[in-house]
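So you can see what is in the structure, the chains are spelled out below.
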Amino acid sequence: MSLANLNIVSPVQPLLVPKQDYRDAMARLGAAVNIVTTDGPQGRAGFTATAVCSVTDEPPTLLVCLNRSGSVYPIFKANGTLCVNTLSSEHKALSNLFGGKTGMQDRFAAACWSTLITGSPALEGAVVSFDCRIASINTVGTHDVLLCEVVAIERQDDVDGLVYFNRGYQDLLTSAPCG
Ligand SMILES: NC(=O)C1=CN([C@@H]2O[C@H](COP(=O)(O)OP(=O)(O)OC[C@H]3O[C@@H](n4cnc5c(N)ncnc54)[C@H](O)[C@@H]3O)[C@@H](O)[C@H]2O)C=CC1
Ligand SMILES: Cc1cc2nc3c(=O)[nH]c(=O)nc-3n(C[C@H](O)[C@H](O)[C@H](O)COP(=O)(O)O)c2cc1C
């Protein structure tokens, strides 16, 4: 038999773990907290996201996983640009506000914003803001994976970071206390 005829994908599908087991396990995987924003022809929108990570530095690319059932989904897709604002320890209330069910006006009124290149809102006081154009989109289950090329960066090196772990927030100190 030639190698080309070998069936390397098993016809027997292994059973998948239940959704709640997966969520309980993912709750133990700490992650940075971000507010992802956009502005453009379809208007302004933003949402809290932990499903963000670096893909490659050539070209500088990160990914954002966005639930297609969210009110913000069609706005991001149509605008084609976004800004990933990584939150500091001062931003816990803002994270909850952008985490759903609040109108866009109220979400954005709670903080100060500027713009970098794309026009997507950059959060003042963010640990870092990555201004991006959406280069491609892959659909996986309930989410779209947005592959985003970074066109501008703004950093603040002297603020403490924020991590979401065990369904709660933890501060990340920029410099450990002396002693
Ligand atoms: N990737 C996502 O879409 C995430 C969505 N959320 C949203 O925030 C709500 C509160 O989250 P938690 O307090 O952490 O409790 P939870 O029990 O609903 O979620 C636990 C963990 O599972 C993962 N998760 C939750 N919903 C998910 C989804 N639809 N797709 C993929 N992964 C998901 C995340 O890592 C989350 O921290 C969730 O119910 C969900 O709506 C939270 C974190 C990530
Ligand atoms: C801590 C936290 C992390 C979240 N991470 C994501 C994420 O990575 N991707 C996502 O699509 N939604 C995520 N969400 C949910 C969105 O923020 C929420 O669905 C979004 O604000 C849209 O809500 P709306 O449909 O009420 O406008 C997260 C929520 C919280 C509180």
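Since the structure is predicted, the reported quantities are computational estimates derived from the model, not experimental observations.

A. Representation of the site of ligand 1. Near ligand 1, the surroundings consist of Arg23, Met26, Ala27, Thr50, Ala51, His143, Tyr164 and Arg167. Between ligand 1 and the protein, one listed contact pairs an oxygen atom with a side-chain N or O atom of His143 at 2.7 Å. In the model, an oxygen atom of ligand 1 is placed 2.8 Å from a nitrogen or oxygen of the Arg167 side chain. In isolation ligand 1 exposes 650 Å². Once the protein is present, 60% of that is buried. When grouped by side-chain class, the residues that make up the shell around ligand 1 number four nonpolar, two polar and two charged.

B. Expanded view of the packing of aromatic side chains. Tallying each qualifying case throughout the model produces five aromatic pairs. Feature note: the residues Phe98, Phe108 and Trp113 constitute an aromatic cluster, connected by ring pairs.

C. Structural detail: unusual backbone geometry. That bond from Glu58 to Pro59 is cis: its omega, 0°, falls within 30 degrees of zero. Of note, Lys101 is a non-glycine position whose phi angle comes to about 70°, a positive value. Note on Lys101: relative accessible area 88%, which makes it exposed. Of note, Arg167 is a non-glycine position whose phi angle comes to about 65°, a positive value. Among the structural elements, Arg167 can be located in the loop between strand 11 (161-165) and strand 12 (168-172).

D. Molecular detail of the side chain of Arg107. Mapping Arg107 onto the fold places it in helix 4 (residues 104-109). Buried and without a salt bridge, Arg107 has Asp106 as its closest oppositely charged side chain, separated by 8.4 Å. In this structure Arg107 touches Gly46, Phe47, Val72, Leu94, Leu97, Phe98, Gly100, Lys101 and Thr102, once residues within four positions along its chain are discounted.

E. View of the confidence of the model for the chain. When pLDDT is averaged across the chain, the result is 94; 92% of the residues are at 70 or more. Low pLDDT, under 50, characterises residues 1-5; the predicted model gives this stretch one contact beyond four residues in sequence or across chains. The ipTM for the predicted assembly is 0.98, set against a pTM of 0.94.

F. Region of interest: the sheet that holds strand 9 (residues 128-140). Here we have seven strands laid out as an open sheet, ordered 3-2-6-9-10-5-4, and antiparallel in their pairing. The sheet is open, and its two edges are formed by strand 3 (45-49) and strand 4 (52-57), each paired on a single side. Geometrically, the sheet is characterised by an average inter-axis angle of 30° between neighbouring strands, direction not taken into account. In this sheet, strand 10 (residues 143-155) lies alongside strand 5 (residues 60-67) in antiparallel orientation, the contact comprising seven bridges. In the strand pairing of strand 10, Leu63 is matched with Leu147.

G. Representation of a nonpolar patch on the surface within the structure. A contiguous nonpolar surface patch, about 410 Å² in accessible area, is contributed by Val17, Tyr22, Met26 and Leu29. Its place among the elements puts Leu29 in the loop between helix 1 (19-26) and strand 1 (31-32). A relative accessible area of 49% places Leu29 in the partly exposed class.

Basis of the calculations
Residues numbered from 1 in each chain as written. Chains lettered and ligands numbered in written order. Predicted model: local features only at pLDDT ≥ 70, side-chain atom pairs only at ≥ 80, totals over all residues. Heavy atoms only, no water. Near = heavy atom within 4 Å. Polar contact = N/O pair within 3.5 Å; in protein donor to acceptor, adjacent residues only side chain to side chain. Areas by Shrake-Rupley, 256 points an atom, 1.4 Å probe, with all protein chains shown as cover. Nonpolar A, V, L, I, M, F, W, Y, C, P; charged D, E, K, R; others polar. Phe/Tyr/Trp six-rings, centres within 6.5 Å; stacked < 30°, edge-to-face > 60°. Buried < 20%, exposed > 50% of the residue type's maximum accessible area, 1.4 Å probe, protein only. Helix = DSSP H or I, 4+ residues; strand = E, 2+ residues; numbered from the N terminus. Lys, Arg positive; Asp, Glu negative; His and termini not counted. Salt bridge = Lys/Arg side-chain N within 4 Å of Asp/Glu carboxyl O. Contact = heavy atoms within 4.5 Å. pLDDT = per-residue confidence, 0-100. Pairing = 2+ DSSP bridges. Axes fitted to C-alpha atoms, helices over the stretch in contact; angles between N-to-C directions. Patch = residues over 30% accessible without salt bridge, like charges linked within 9 Å, V, L, I, M, F, W, Y side chains within 5 Å.

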